[in-house]
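In case you want the letters, here they are:
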Amino acid sequence: MELMEKVSYLKGLVDMAEFDPSTKETKVLNAMIEVMDELAKTVESLSEANNQMCEVIESIDEDLSQVEEDLYGDEDEDEDDDEEEDDDDEDDDDGDLYEVTCPTCGEVFDVDEFMLDEGEVNCPNCGERLEFDLQIDDPPAKEETETPSEE
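Residues numbered from 1 in each chain as written. Predicted model: local features only at pLDDT ≥ 70, side-chain atom pairs only at ≥ 80, totals over all residues. Heavy atoms only, no water.

1. Quick look at a nonpolar patch on the surface
A cluster of nonpolar side chains, contributed by Met1, Tyr9, Leu10, Leu13, Met16, Val28, Met32 and Met36, occupies part of the molecular surface with about 820 Å² of accessible area. Of all the secondary-structure elements, those providing two or more residues to the nonpolar patch are helix H1 (3-17) and helix H2 (24-72). Counting residues per element, the nonpolar patch draws most heavily on H1, which supplies four residues. Counting through the fold element by element, leucine 10 comes out in helix H1. (Patch = residues over 30% accessible without salt bridge, like charges linked within 9 Å, V, L, I, M, F, W, Y side chains within 5 Å. Areas by Shrake-Rupley, 256 points an atom, 1.4 Å probe, with all protein chains shown as cover. Salt bridge = Lys/Arg side-chain N within 4 Å of Asp/Glu carboxyl O. Helix = DSSP H or I, 4+ residues; strand = E, 2+ residues; numbered from the N terminus.)

2. Topic: the pairing of strand E1 (residues 97-101)
Consecutive side chains of a regular strand alternate in pointing toward one face of the sheet and then the other. Of the pairings in the sheet, the one linking E1 to strand E2 (residues 108-112) comprises five bridges and is antiparallel in character. Note that in E2 the partner of glutamate 99 across the bridge is aspartate 110. (Pairing = 2+ DSSP bridges.)

3. Comments concerning the environment of lysine 6
Within the secondary structure, lysine 6 sits in helix H1. Of the residues examined, lysine 6 reaches a relative accessible area of 45% and is grouped as partly exposed. A C-alpha to C-alpha distance of 9.2 Å links lysine 6 and alanine 40, two positions 34 residues apart in sequence. (Buried < 20%, exposed > 50% of the residue type's maximum accessible area, 1.4 Å probe, protein only.)

4. Remarks on unusual backbone geometry
Of all residues except glycine, most have a negative phi; of all peptide bonds, most are trans. Positive phi is not limited to glycine here, since glutamate 18 has a value of about 50 degrees. Along the chain, the position of glutamate 18 falls in the loop between H1 and H2. The class of glutamate 18 is exposed, set by a relative accessible area of 68%.

5. Overview of the side chain of threonine 26
Mapped onto the fold, threonine 26 is located in helix H2. Owing to a relative accessible area of 7%, threonine 26 belongs among the buried residues under this scheme.

6. Some remarks on H1
If you check H1, its first and last C-alpha atoms are 21 Å apart, about what 15 residues at 1.5 Å a residue would give, namely 21 Å. At the exit of H1 stands glutamate 18, carrying a positive phi of roughly 50 degrees. (Expected span 1.5 Å × (residues − 1).)

Written as structure tokens, this is what we have:
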């Protein structure tokens, strides 16, 4: 039996008891039943609103899951791709990544040579602007001397 039905049942019991409406006890009993009736209506209304919000949240969650899947794909596939990219990076000198730690939030992230050449990058975590004042020198002369002698 639902809450509204229980309140209606109590109203019916009071009506069938044929209490004297002029007594204080009957007035208190009727007032309590009216309050219970209002509370039951409020609970029913809140329950319906909650059910509707749950449906909306579930729909949003499904949409968000689809967007995440479209953007990020399957994580297992990403890990495999990352391993392949790491292998490729070893072969490519152009794809070198450098690890940077944000002094503000401590976030560790990678930057490539292009980002370093620009001289600044924003932290992906806190948005802090990090500036790089790097002077990339030619490789040491020792390496240059070894290279021609090997040929």
